[in-house]
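# Report on the structure
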Amino acid sequence: MPAIYTDTLTLPRLPRATADTQEFKKVKGIFDSVSTLEGEGFPVRRPFPTRWLNFADPFLLLDQMGAVDYAPGEAKGTPWHPHRGFETVTYIMDGVMDHRDSHGGGGTITNGDTQWMTAGSGILHIEAPPEWLVVKGGLFHGVQLWVNLPATQKFAAPKYQDIRSNQLALISSDDGGSLIRVIAGSIGGFEGPGTTQTPIIYAHATISPGARLELDWPAGHSAMVYSLLGSGTSGKERTRTKEGQLALFGSGKAISIEADLSQPSYSSYGWEVLILGGVPINEPVARYGPFVMNTQDEIKAAFEDFQAGKMGSIPVERIPHRSEADTPLEG
Ligand code: MN
């Protein structure tokens, strides 16, 4: 796992959580992922949307891409496709991903980097492994999160943030047992580099086998923990949370999670989790494929605008690796 790893003894430490035991959030539900293929056929584990959990306000979709060890010639990405009405946030733990969009945004992200694309009123983009990686094969593990935009910002101008691994806020739990990488929002006063449109917190944590992580969590923010690799328990009540499961928390002032003493050999640093939440947007969600709006009429308009070329066009200087004619509408 070459996402950023470092000795927690060298990092700033979080203060102990201040919430009383009864103020800790309880687990509202544990949700299984579905396994599916995305884009041109790369494997993802998706805790939402599923038929059990449609979205987790303010988040619309969470895809764990891999971990997969591609044989030569196997690595896959997505064709050019549009988005409107939300943000796509891609965090890479292992491997390399190239990204281009019709607004001139893009770049190559690897091992701990994040690309944060605000689709807003509409954009076309492509996400694919670089040609050399396709040829050579190799390990790939990343996450794509879709962050909803409120009605007032669904038509905002598209924006791109290129966040490098060395910009993340790296902190240690008070006991040194957990490493937390803050991508956006604030944990214990440590601010991640991502600029968000509504208040959210997004972090990747590694919890040593048997260690417990307790975090104060801002009132009014939803809270969830997604188990990327390995397993543990969520809440003071220790609800089992297996690999690929999402623990959704209820109201309260703090989160408590604990890594199992025994972790799989491929998760060599401990339990790998995403910790995330935000202020719920609390608006109707109308979604179809790559568009997420408030009403079905707005979805229809999004398709018409896409067909009419109003979401931009594929830049000619950048060679698409698939013809536009092959391009289905997909996430
Ligand atoms: Mn996309």
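Our subject is the structure listed above.
The subject of this paragraph is the sheet that holds strand β3 (residues 42–48). The seven strands lie next to each other as β2-β3-β4-β11-β6-β9-β12, forming an open sheet whose pairing is antiparallel. Two strands lie at the open edges of the sheet, namely β2 (34–38) and β12 (159–163), each paired on one side alone. Averaged over all pairs of adjacent strands, the angle between strand axes in this sheet comes to 20°, irrespective of strand direction. Bridge analysis of strand β9 (residues 114–118) against β12 gives five bridges, and the strand direction is antiparallel. Bridge pairing links Met117 to Tyr160 in β12.

The next subject is the coordination of the manganese ion. Only His81 (NE2), His83 (NE2) and His125 (NE2) from the protein reach the manganese ion as donors, at distances of 2.1 to 2.2 Å. Along the chain, the residues that donate to the manganese ion are spaced as H-x1-H-x41-H. For the pair formed by His81 and His83, the shared burial category is buried.

Read from one edge of the open sheet, four strands run β5-β10-β7-β8, paired in antiparallel fashion. The sheet is open, and its two borders are formed by β5 (81–83) and β8 (106–110), each paired with just one other strand. Recorded for the sheet is a direction-independent mean angle of 30° between the axes of neighbouring strands. Judged from the four bridges that link them, strand β7 (residues 96–101) and strand β10 (residues 123–128) form a sheet pairing that is antiparallel. Bridge pairing links Arg100 to Ile126 in β10.

Cut-off values and rules
- Residues numbered from 1 in each chain as written.
- Predicted model: local features only at pLDDT ≥ 70, side-chain atom pairs only at ≥ 80, totals over all residues.
- Heavy atoms only, no water.
- Pairing = 2+ DSSP bridges.
- Helix = DSSP H or I, 4+ residues; strand = E, 2+ residues; numbered from the N terminus.
- Axes fitted to C-alpha atoms, helices over the stretch in contact; angles between N-to-C directions.
- Donors = N, O, S within 2.8 Å, 3.2 Å for Na, K, Ca; no water.
- Buried < 20%, exposed > 50% of the residue type's maximum accessible area, 1.4 Å probe, protein only.

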